[in-house]
Amino acid sequence: MSKFQNGKDFLNKHTLVLPINQSTNRRIIFPCHLGIIFIGNVSTSMLKKLRFHLEQTFDSFFFDIQFIEDANLHPDIFKLKAKEEHNLLNKSSEKVLLQPTNRFYEIIVNKKFEYNFDIGIGLTNIPIYSSSNENLLFLFGEAHIKYMCAIVSTHNLIDLFTFKDVKLKKIERRIYKEVIHEIGHLIFGCEHCLNDYCVMRFSKNIKEIDNKSIYLCEKCKLKLEKVRARDNF
Ligand SMILES: [Zn+2]
Ligand SMILES: [Zn+2]
């Protein structure tokens with residue numbers, strides 16, 4: 001939920017449209033099935049490492065982690081409600097189209113039902129804005145706790161202005177951190193951790209993502225243990 005100023009807000013104001021016969025409002029019992037859905041043009045070369053980091057961080061929380069590619073999105077799906085803004089809000093840059101997060105939640109929730117995932121995380125190269133607060137532009141990611149899904153956009157994890165100086169490894173590490181962060185929200189809730197190096201710390205820019213570690217702090221690890229005790233695994 002990086003760049004998300006008010007974590008509680010979006011729960012009240014979301015505008016997610018879902019088929020009414022799909023019951024989604026139940027508490028997840030861990031361990032469960034996790035699906036990572038690649039939406040749009042996202043490199044899948046980091047799959048192995050992403051799996052490694054997720055298994056290391058959320059050890060035994062998931063029966064399995066499945067990766068699904070969804071590169072065949074029809075362009076029509078995005079033609080409504082897009083916002084046109086200067087890239088990364090830099091006025092000298094070209095304008096790009098940002099898509100609302102609820103559009104992605106629809107895609108992810110449908111995949112969740114199709115593949116029987118309990119938690120679905122979307123990973124996209126498309127820039128996003130929050131559909132619950134339209135002033136939150138170029139989000140790194142956002143979690144939707146009620147529907148147990150989250151979206152992470154790689155768009156501004158790749159700093160377009162310094163791209164040549166930044167190693168791919170560093171960019172990938174930002175993506176791993178953000179995916180872990182959003183899954184953390186789905187397990188622990190909206191709150192951010194105040195510990196400087198914890199991956200659950202709120203990051204308002206790339207620098208802050210780079211400055212925090214990829215790991216949970218001891219306090220957040222304890223939260224995982226509480227869930228483990230609650231669900232008896
Ligand atoms: Zn967050
Ligand atoms: Zn922490």
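Residues numbered from 1 in each chain as written. Chains lettered and ligands numbered in written order. Predicted model: local features only at pLDDT ≥ 70, side-chain atom pairs only at ≥ 80, totals over all residues. Heavy atoms only, no water.

(A) Examining the sheet that holds strand β2 (residues 62–70) more closely. Across the sheet, 5 strands lie side by side as β2-β1-β5-β8-β7; this open sheet has mixed pairing. The sheet is open, and its two borders are formed by β2 and β7 (141–144), each paired with just one other strand. Across the sheet, the mean angle separating the axes of adjacent strands is 15° when strand polarity is ignored. As paired elements, strand β1 (residues 32–39) and strand β5 (residues 119–124) share 6 bridges and run parallel to each other. (Pairing = 2+ DSSP bridges. Helix = DSSP H or I, 4+ residues; strand = E, 2+ residues; numbered from the N terminus. Axes fitted to C-alpha atoms, helices over the stretch in contact; angles between N-to-C directions.)

(B) A look at unusual backbone geometry. The omega angle of the peptide bond from F30 to P31 is -5°, so this bond is cis rather than trans. With respect to the element layout, P31 can be found in the loop between α1 (9–13) and β1. Phi is positive for S60, which is not a glycine, with a value near 70°. Along the chain, S60 turns up in the loop between α2 (47–57) and β2. A residue is classified by how much of its surface remains accessible, and S60, at 36% relative accessible area, is partly exposed. Here M148, not a glycine, exhibits a phi torsion of approximately 50°, which is positive. (Buried < 20%, exposed > 50% of the residue type's maximum accessible area, 1.4 Å probe, protein only.)

(C) Structural view of the packing of α2 against helix α4 (residues 168–188). As a packed pair, α2 and α4 sit with axes 10 Å apart at the nearest point and diverge in direction by 40°. With respect to α4, the element α2 is oriented oblique. Seen from above, α2 lies across α4 with right-handed handedness. For the pair formed by α2 and α4, the contact residues are K49, L50, H53, L54 and T57 on the first element and E172, R173, Y176, V179, I180 and I183 on the second. Among the residues forming the contact of α2 with α4, the class breakdown is 6 nonpolar, 2 polar and 3 charged. (Parallel < 35°, antiparallel > 145°, perpendicular 65-115°, else oblique. Left-handed = near helix turned anticlockwise from the far one by under 90°. Contact = heavy atoms within 4.5 Å. Nonpolar A, V, L, I, M, F, W, Y, C, P; charged D, E, K, R; others polar.)

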